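# Structural description and commentary
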Amino acid sequence: MPLFSSTIPYLKISLNGDIRSYFKNLVLANGECENGNTSNALMTKILLDYDIQRYNFHDWARNVLGTKELENAHCSRNIKNLNRSPTVNQLAESFSDISEKYHSLISDFLSEIYGEISTYQSPPSFRFHYIGLGCSIFHSDRDFGVEQGRMNVWVPLTDVWGSNSLWIESEEGAGDYAPVSMHLGQALIFDGVNIGHGSKINTTSASRISFDFRFEPGPGPATPTSY
Ligand SMILES: [Fe+2]
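Residues numbered from 1 in each chain as written. Predicted model: local features only at pLDDT ≥ 70, side-chain atom pairs only at ≥ 80, totals over all residues.

## Quick word on the overall build of the protein chain
A count of helices and strands for the protein chain gives five helices and 11 strands. Here the protein chain, with 227 residues, has 36% of them falling under the buried criterion. Taking as baseline every contact in the protein chain between residues at least 6 positions apart, the subset at least 24 positions apart corresponds to 78%. (Helix = DSSP H or I, 4+ residues; strand = E, 2+ residues; numbered from the N terminus. Buried ≥ 20, exposed ≤ 12 C-beta atoms within 10 Å, placed from the backbone. Contact = placed C-beta atoms within 7 Å.)

Encoded structure:
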């Protein structure tokens, strides 16, 4: 049974209203910001709500994969055979169908939160976390040479909880890994370069499909790169 209460103190923002002022208020309310300086707060975890009708990644994925329920992806031998790699899969092959929505998600949200975006990964990495299998090892992205200053965005296309989700530590080096509980329509922004994260064998009743990407706040214009 999904539990939609996170064990990690996320900031939560939405596209409604003035994002920047709302975000700043939340940061101040959480006591993570002094003298109006949000730089440290911007490196913490942010849970973002988005409109799944406007950014229809979920429906697009269902159409591409030919399944009504992404959570049941493990039931289809065809889906499992064709989708084993983050970069070589049916969603990556069909990315051009949804790329405009993807780019607008970045400009609508990330640019509002972070000011200017220098670069961002395009296409994103698509991941299939089937029941009974793992998805990624535990690591920090710096272990693989990712430069400081880049941030990660994780967008599950299914509800996620427990062992079908991403496990992440509360802060750099804490080692207290806990699963992120999120609804479809939410995205997580976090400092994956420094904060440890990974996945476990999926022992829930639902497969997880997600995409993720990195971006770098900084002087624009936002330029898509392969990362
Ligand atoms: Fe990573």
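## What about helix α2 (residues 57-65)?
Listed as buried for α2 are Phe57, Ala61 and Leu65. Viewed along the axis of α2, the buried residues span an arc of 55°, placing them on a single side of the element. Seen from the buried face of α2, the exposed residues on the opposite side, beyond 90 degrees, are Asp59 and Asn63. Contact partners of the buried residues in α2: α3 (77-82), α4 (90-93), α5 (99-114), β5 (151-156) and β10 (208-217). (Arc of directions from axis to C-beta.)

## Focus on the sheet that holds strand β6 (residues 167-168)
Here three strands make up an open sheet; going across it, the order is β7-β6-β9 and the pairing antiparallel. Across the chains shown, the open sheet's two edge strands, defined by having one partner strand only, are β7 (178-179) and β9 (197-198). (Pairing = 2+ DSSP bridges.)

## Structural notes on unusual backbone geometry
Cis geometry marks the peptide bond from Ser122 to Pro123; its omega dihedral reads 0°. By the secondary structure assignment, Pro123 is in the loop between β3 (117-121) and β4 (125-129). The omega angle of the peptide bond from Gly220 to Pro221 is 5°, so this bond is cis rather than trans.

## With respect to the pairing of β3
Relative to β10, β3 runs antiparallel, the two sharing three bridges. In the sheet register, Thr119 faces β10, and the bridge partner there is Glu216. Pairing analysis gives three bridges linking β3 to strand β11 (residues 223-225), with the strands arranged parallel. Within β11, the position partnered with Tyr120 by the bridge is Pro224.

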